[in-house]
Amino acid sequence: MSVQAQDMEVSGTVFDGQTEGTLPGVNISVKGTTRGTTTNAEGKYQLSVESLSDTLVFSFVGYEVQEIPIDGRNSINVTMNPTTLLGEEVIVVGYGQQRSQDVTGAISTVSPDDIDDVNTANFGDAIQGLVPGVNVSTTGAPGSEPSVEIRGLGNFSNNEPLYIIDGVPTSANRDFNVNDIESVQILKDASAAAIYGSRAANGVVIITTKSGQEGPMKVEYSSQIGREWLPRFDLMDREQWIDFNNRAYDNAIEAGVTGVTSRQDHMDGNTNWQDETFEPAWSYDQNLTLSGGGDLGTYLISLNTLRNTGTTIGSGSRRYGVRVNTEGSQGIFTFGENLAITSFQVDELDTNPIADVTRMLPTIPVYDEDNPGGYGYGDEDQARTFATNPIAKENLENRETENVRIRGNIFAELDFTDYLNYRLNYGLNYNSGSHNYLRKVGNWTLNQPYDPSRLYDERSEFQSHLIENTLTFDNDFGNHKVNTVLGQSFQTFREDFSWGEGTDLTRVGDDYFTVLDAATENYRTGGYLNEAAISSFFGRLSYNFDDRYIAEFTMRWDGTSRLPEDNRWGSFPSVSGAWRVSNESFFDVNWIDDLKLKASWGQLGSSNIGYYDYQGVLNINPQAVFGEDQQIRNGVTQVELVNQDLRWETLTQTNIGFDARLLDNRLTSSANYYISETEDVLTEMPILMTTGNDGGNPLVNAASLKNTGVEISAKWTEDFEESDFTYSIGVNFNRSRNEILSLGFDQVEFYTWQTKNEVGEPIGMYYLIETNGLFQSDQEVQNHTDSNGDVIQPDAEPGDIRYVDANDDGQITSNDRQIVGSPWPDFEYGLNVTAGYKNFDIRIQGFGAQGFDIFNGPRSVMDRFDDNSNYRKGIDPWTPQNTNTDFPRIIYADQRNSRGDQDRWLEDGSYFKIKNITLGYTVPNSWVENWFDRLRVSVTAQNMITFTGYSGLDPEFSAPNIFRRTHDDYMYPTPKNVTFNLQLSF
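### Considering the overall build of the chain
When helices and strands are tallied, the chain shows 10 helices and 53 strands. For the chain, whose C-alpha radius of gyration is 32 Å, the value lies close to the compact-globule estimate of 30 Å for 986 residues. Counting the 986 residues in the chain, one finds 52% classified as buried. Taking as baseline every contact in the chain between residues at least 6 positions apart, the subset at least 24 positions apart corresponds to 69%. Split by element, the accessible area of the chain, about 43300 Å² in all, is 51% carbon and sulfur. Of the charged side chains in the chain, 71 are positive and 143 negative, and the gap between their average positions amounts to 2 Å.

In C-alpha cells:
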C-alpha cells in the first residue's frame, strides 16, 4: 500500500505599507526549503506548499523581513513596511548602526538608486553632485581616478577621505566595482568621524556592499554598452592658419624682432590633429549576481567585467572582478566573509593629447619617411614648433599598468544576549602591481636627440592586515536607550617595490622583445621596502531619553610608527547632542512631522607623511681613496636633514544643524553650519643647502588653516496612486570658505606661479598682472605713465595690451601682480529629479558651481602668437583697420602681448552641468513572468549639456594640485556618453 502526498496552493497579495499600493518583485519562500516565488507586477503571488503548517518568509530589499505561519490558510495577504518608513532608516556608522533619527552628527547617505544609472568606473564620479559639502574633481582619461574632498581643504598635501569598505580601511579606487554598493554613508563632521581618530580629518566614507537575502536563488544581470567621445577645440584649418601665421611673421618683421626676417615656407600637410588623435570609444560593463539563502545563512556571488577602449589613441582600460559574500548563523554564533578579487589593466597615455592637438600645426603631416621613426613633427624653416606628434609618441612609447587586488574581511560574532555582542574582524587589502614601459627608436618632436630603445619594468606589492575586536551593548530601559561600543584595532602596512631597466633591446624587424634580458646595454636595478603599523583603542557611548534628548560621546587613541616615539600617540575626542523638538508634548505643528536640532564638537587627526619622514636619509654611494696602496673605501653621508619632532595634524570642528520631515513626510530637509581649524599642518621648511641638506626641505608642523561652511539639502517626494504617477525633486547647496591662519617661520605668504598663498586669505588665490584694454594710438602709449610721469610701456605700439603698473615703479614686472581672482566658488549646488508613470521612469541629475575663476591654459598657448601653435577659430586681432576688438595685435617671437602671468587668460568658470538623463522602461511582469521576475531597459545620456561661459573644453576637471585648483593645464575633459542598459532578474 502506498500513499502519495499532494501539494497545496497558497496565494495572496503583498502591499506596500508606505504607498498602500501593491509591491511587485517580493521574494516569498517556504522556510527551511528551497521552494519560492516572487510577486508579479500587481503584487500577487501563488506558491505550492507541502503542508499548511509551513511558514512563509517574505523579503524585499529595503523592507522588513516577515515570517508568517500558514496556519491552514489558502490565502494570505501581507503588508510590508520599508525600513526607511517615517525616519526609521537604519544607517551604518563607525563600528555599528544607528536609526537616522538618533544621529547627532553630519552624515549624508547615498542609496544605490542614486547611482544605478551612472556609467562610471569609479566611486567619485558616481556620487558627484549628490551630497552637499562633497567636492569631486574628475578627469575623463580611461583608468584615471577622481579626487574627493569633504568640507574643503584641511592641509597642504593630501585631502582624500578615509574609505571604510565592509569594515576595512582601504580605498574606493578604480578597481572597485560601483555596482556592488548597497549603501554609502559620508561622515562629514568630527563627532561622526571621531571613532576613526587619526585618519579621519578629511572625512570618512563608509561603503557597505550588497549581501544575500533569505529566499530561493535570485539571479540578476545587467549590461551596459556605451559610446563616448571628447569635446573638441574649434581650431583653424590649414588655409586659415597660414593666413594668421603669415600676419604674425609680417608684424614681427615690421617691428624688427630679432631673428625674424621672413615668413615660414609652409609644409604640404593638411592635418586635422583632433581627427587623428581623438576617437569615439566603446565602453562595456557587465554584471552578474547570484544570491539567496535559508534559515542558517545567506550567500551572494557577483561577477563583473568593465572595458573602455579610450577616447584618444593609446588609451584604454579593462577590469575583471569577482566578489563573494556569505554569512551563516547557528545559535549565538555568526560567521561570515566578504571577499573581492579584481584585476585592473590600463594602457596609460605617453603624452598629453589635449595639448598636442593644439600645439601641432595643421601644415605638418602625420607621417614623414625622412624623419627617424617615420613621423612628421615639423621643420626649422617650414614648420618651426617643438610640439609633440601624439601619434608618433603613442606608437613609439608603450606604458601598461596592471593591478591585482584582493580586498575583504572575515568576521565572527557572538550574541551573548539580545543586547550584548562581540565581534572579531580580520581585514585584508593586498595589491600586486606591475608597470611596463617600452621606448622604441624614433622621434616625435623637432630637434630631438637620438635615444636608444629602452625597457623599464617595475613590480610592487602592498599588503595591509587588520585585526579588530569590538564589544557592543545596546539596550532599552523604559524611556532610556543606551548604546556603547568598545574596541581595539591594529593594522600593519608593508610595501615592496623593485625595478629594472636596460637599453638597446633585441628586436626582429619592428618587433621588440619586452623582457629585461632583451636589453644589451645600461642595466640598472633598484627597489625599497616600507613598513608601518597603527594601533588604536576606541569607545562610544550613546544615550537617548524618550526619543527626545540624545547625547553621544566618542574617544579614540591612536599610535603610529610613522611619527617619532615621543609623539606617536594622540587622543581624539568628540561630544554631540540632539533635541527632537517634534516629540515634545508642547509641540503642535501639524505640517512638521519630525524636527531635530543637533550640535557637535570634536577633534580629528591626520599624519600626511611618508613611512620614515622623521628619520634621516643616508647615501651609501660615496667613495674615497685611502692609504699608500690607494684603496677605494665606501662611505656613508646624510643627505637629507629631517625634523625629529613631527606630530599629528589636529582638526577641531564644531557643527550645528537640523534635520526635518514636513508635510506628511513628503518634504525632507537638512542644514548644517560648520567651523573647523587645523593646527600643526605639515609644511616644508626651506633651509640652505650649505647645511648639508640635499634631499628637499624637511617637514615641520607649522601652519594652521580654517574652514567654514553651510550645507543645505531638501527633497520633495509625491505619489499620485490614482494616476500611477510619482516624482521627486532633490536639491543641495554648499558654501565653503577656507583661510590660512598662519604659515610659521614668520612667513606671511608664499607663491606658486600664478597663485598666491597669504595669511588671512584662501589658498591659491590668482596672483596676476592686471590688464586694462588695448592701446589705440601712440598718444595713448605716451599717456600711460606712473606718478612721476615716466612712460610705463615705452616699447608698446597701438594694438598692444595696456598693463596696470600696480606698484607704480614705472615698469611692468612680476612685482605688479595682484590678487585678481579666486578658484573658490561662491557656492556649489546639485539637482536630482526623478519621475515615474506606470512602467516608464526618468531621472535627471545635475550639479554646478557659481562665482569662481579658471586660468585657461590652452588659450594662453593658442592666443599668444609669440610661438607657433594652432590658433582658435574666430579670433579677431587688432589691426589699424580693425580697432574695435579686445584681441591684441598678433606678432611672432615677441612677448609684449604674451605674458603668461596676465589676467587675460583668467575666465569666469561658473557652470551647471547635466550629469545624466536616464529614460527607462520596466516591462510589465505579465509579459515576461514565464521567463523573468523583472526586465528593464534604459538609455542614459551623460555630460551632454553644460551651461557655462568658460571657453575651454570643460569647466569641471581635476586640478594639478591644491595650489592651482582651477588651472586648466590642458586637463583631460569629461567625455560625453550615451549608454544603453539592460537589467533583468529571475
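Continuing now.
### Quick notes on the pairing of strand 40 (residues 749–752)
Here strand 40 shows a clear split, with Phe750 and Thr752 buried on one side and none of Glu749 and Tyr751 buried on the other. Pairing analysis gives 4 bridges linking strand 40 to strand 41 (residues 755–758), with the strands arranged antiparallel. Paired with phenylalanine 750 across the two strands is asparagine 757, which belongs to strand 41. Where strand 40 hands over to strand 41, the hairpin turn is made up of 2 residues, of which tryptophan 753 adopts a positive phi near 55 degrees.

### Looking at helix 4 (residues 238–255)
For helix 4, spanning 18 residues, the distance from its first C-alpha to its last is 26 Å, which sits close to the expected 26 Å at 1.5 Å a residue. If you check which residues of helix 4 are buried, you get Arg238, Trp241, Ile242, Phe244, Asn245, Asn246, Ala248, Tyr249 and Ala252. Downstream of helix 4 by one or two residues, glycine 256 has phi in the positive range, about 75 degrees.

### Digging into the side chain of asparagine 389
Within the secondary structure, asparagine 389 is located in the loop between helix 6 (353–359) and helix 7 (390–396). Side-chain polar atoms of asparagine 389 contact the backbone nitrogen of isoleucine 391, separated by 3.0 Å. At a separation of 3.1 Å, a polar atom in the side chain of asparagine 389 contacts the main-chain amide nitrogen of alanine 392.

### Quick notes on the side chain of serine 453
By the element assignment, serine 453 lies in the loop between strand 23 (420–439) and strand 24 (454–477). You can call serine 453 buried: its relative accessible area is 4%. At 2.8 Å, the side chain of serine 453 forms a polar contact with the backbone nitrogen of leucine 505. When neighbours within four sequence positions are excluded, serine 453 is seen to be in contact with Arg439, Val441, Gly502, Thr503, Asp504, Leu505 and Tyr512.

### Concerning the packing of aromatic side chains
How two aromatic rings sit relative to each other is set out by the distance from centre to centre and by the angle between their planes. A full pass over the atoms with the stated rule returns 33 aromatic pairs. Their ring planes at 20 degrees and their centres at 6.5 Å tell us that tryptophan 282 and tyrosine 284 sit as a pair that is stacked. Tryptophan 282 gets classed as partly exposed once you look at its relative accessible area, which sits at 36%. Exposure remark for tyrosine 284: the relative accessible area of 29% places this residue in the partly exposed category. Geometrically, the ring pair formed by phenylalanine 473 and phenylalanine 477 is stacked, given 6.4 Å between the ring centres and 20 degrees between the ring planes.

### Some words on the sheet that holds strand 6 (residues 66–69)
As summarised here, the arrangement of the 4 strands in space is 3-2-5-6, forming an open sheet in which the pairing is antiparallel. Strands with a single pairing partner mark the edges of an open sheet, and in this sheet they are strand 3 (36–38) and strand 6. Adjacent strand axes in the sheet meet at a mean angle of 20 degrees when their direction is disregarded. Sheet topology places strand 2 (residues 27–30) next to strand 3; 3 bridges connect them, and they run antiparallel. Paired with serine 29 across the two strands is glycine 36, which belongs to strand 3.

### Regarding the sheet that holds strand 1 (residues 8–16)
Ordered in space as 4-1-7, the 3 strands form an open sheet in which the pairing is mixed. A single partner strand is all that each edge strand has here, and the edge strands are strand 4 (44–49) and strand 7 (78–80). Across the sheet, the mean angle separating the axes of adjacent strands is 35 degrees when strand polarity is ignored.

### Comments concerning unusual backbone geometry
The residue aspartate 547 is not glycine, and still its phi comes out positive at about 55 degrees. Within the fold, aspartate 547 resides in the loop between strand 28 (519–545) and strand 29 (549–560). According to the relative accessible area criterion, aspartate 547 is buried, its value standing at 18%. One non-glycine residue, asparagine 665, lies in the positive phi region at around 65 degrees.

### Notes on the environment of tryptophan 927
Relative to the assigned elements, tryptophan 927 resides in helix 10 (residues 925–928). Given a relative accessible area of 56%, tryptophan 927 falls into the exposed group. As for tryptophan 927 and isoleucine 354, which are separated by 573 residues in sequence, their C-alpha atoms are 49 Å apart.

### Concerning the nonpolar core
Residues Phe233, Phe244, Trp273, Ile354, Ile364 and Phe865 are the most contacted members of the largest nonpolar core, which totals 42 residues. Elements represented by at least two residues in this core include exactly helix 4, helix 6 and helix 7. Top contributing element to this core by residue count: helix 4, with 6 residues. Every residue in contact with isoleucine 354, bar those within four places of it in the chain, is listed here: Leu230, Phe233, Phe278, Leu953, Tyr970, Met971, Tyr972 and Pro973. In this structure, Ile107, Ala192, Ala194 and Leu604 belong to the second largest nonpolar core, which totals 23 residues.

### Side note on the pattern of salt bridges
As enumerated under the stated definition, the model contains 53 salt bridges in all. Two residues, arginine 556 and aspartate 558, come together in a salt bridge whose shortest N-O distance is 3.0 Å. Grouping residues by exposure puts arginine 556 and aspartate 558 together as buried. Notably, a salt bridge pairs aspartate 901 with arginine 899, separated by 2.9 Å at the nearest N-O pair. Given a relative accessible area of 13%, aspartate 901 falls into the buried group. A residue is classified by how much of its surface remains accessible, and arginine 899, at 22% relative accessible area, is partly exposed. When salt bridges that share partners are traced, they join Glu797, Asp800, Arg889, Asp894 and Arg896 into one network.

### Let's talk about the confidence of the model for the chain
When pLDDT is low, close inspection of the predicted coordinates is not appropriate. Overall, the prediction assigns the chain a mean pLDDT of 91, with 98% of residues at 70 or greater. A low-confidence stretch, residues 1–5 stays under pLDDT 50, and its non-local contacts, those more than four residues away or across chains, total 0 contacts.

### Digging into the pairing of strand 11 (residues 134–137)
A two-sided burial pattern is seen for strand 11, the buried positions comprising Val134 and Val136 on one face and Asn135 and Ser137 on the other. The pairing of strand 11 with strand 12 (residues 147–150) spans 4 bridges and is classified as antiparallel. Paired with asparagine 135 across the strands is glutamate 149, a residue of strand 12.

### Re the environment of asparagine 447
Mapped onto the elements of the fold, asparagine 447 is located in the loop between strand 23 and strand 24. A C-alpha to C-alpha distance of 8.0 Å links asparagine 447 and phenylalanine 386, two positions 61 residues apart in sequence. Setting aside residues no more than four positions away along its own chain, asparagine 447 makes contact with Glu380 and Phe386. For asparagine 447, the side chain forms a polar contact with the side chain of glutamate 380, separated by 2.7 Å.

Cut-offs used in this document
- Residues numbered from 1 in each chain as written.
- Predicted model: local features only at pLDDT ≥ 70, side-chain atom pairs only at ≥ 80, totals over all residues.
- Heavy atoms only, no water.
- Helix = DSSP H or I, 4+ residues; strand = E, 2+ residues; numbered from the N terminus.
- Rg over C-alpha atoms; globule rule 2.2 N^0.38 Å.
- Buried < 20%, exposed > 50% of the residue type's maximum accessible area, 1.4 Å probe, protein only.
- Contact = heavy atoms within 4.5 Å.
- Areas by Shrake-Rupley, 256 points an atom, 1.4 Å probe, with all protein chains shown as cover.
- Lys, Arg positive; Asp, Glu negative; His and termini not counted.
- Charge placed at Lys NZ, Arg CZ, Asp CG, Glu CD.
- Pairing = 2+ DSSP bridges.
- Expected span 1.5 Å × (residues − 1).
- Polar contact = N/O pair within 3.5 Å; in protein donor to acceptor, adjacent residues only side chain to side chain.
- Phe/Tyr/Trp six-rings, centres within 6.5 Å; stacked < 30°, edge-to-face > 60°.
- Axes fitted to C-alpha atoms, helices over the stretch in contact; angles between N-to-C directions.
- Core = buried A, V, L, I, M, F, W, Y, C linked by side-chain atoms within 4.5 Å.
- Salt bridge = Lys/Arg side-chain N within 4 Å of Asp/Glu carboxyl O.
- pLDDT = per-residue confidence, 0-100.

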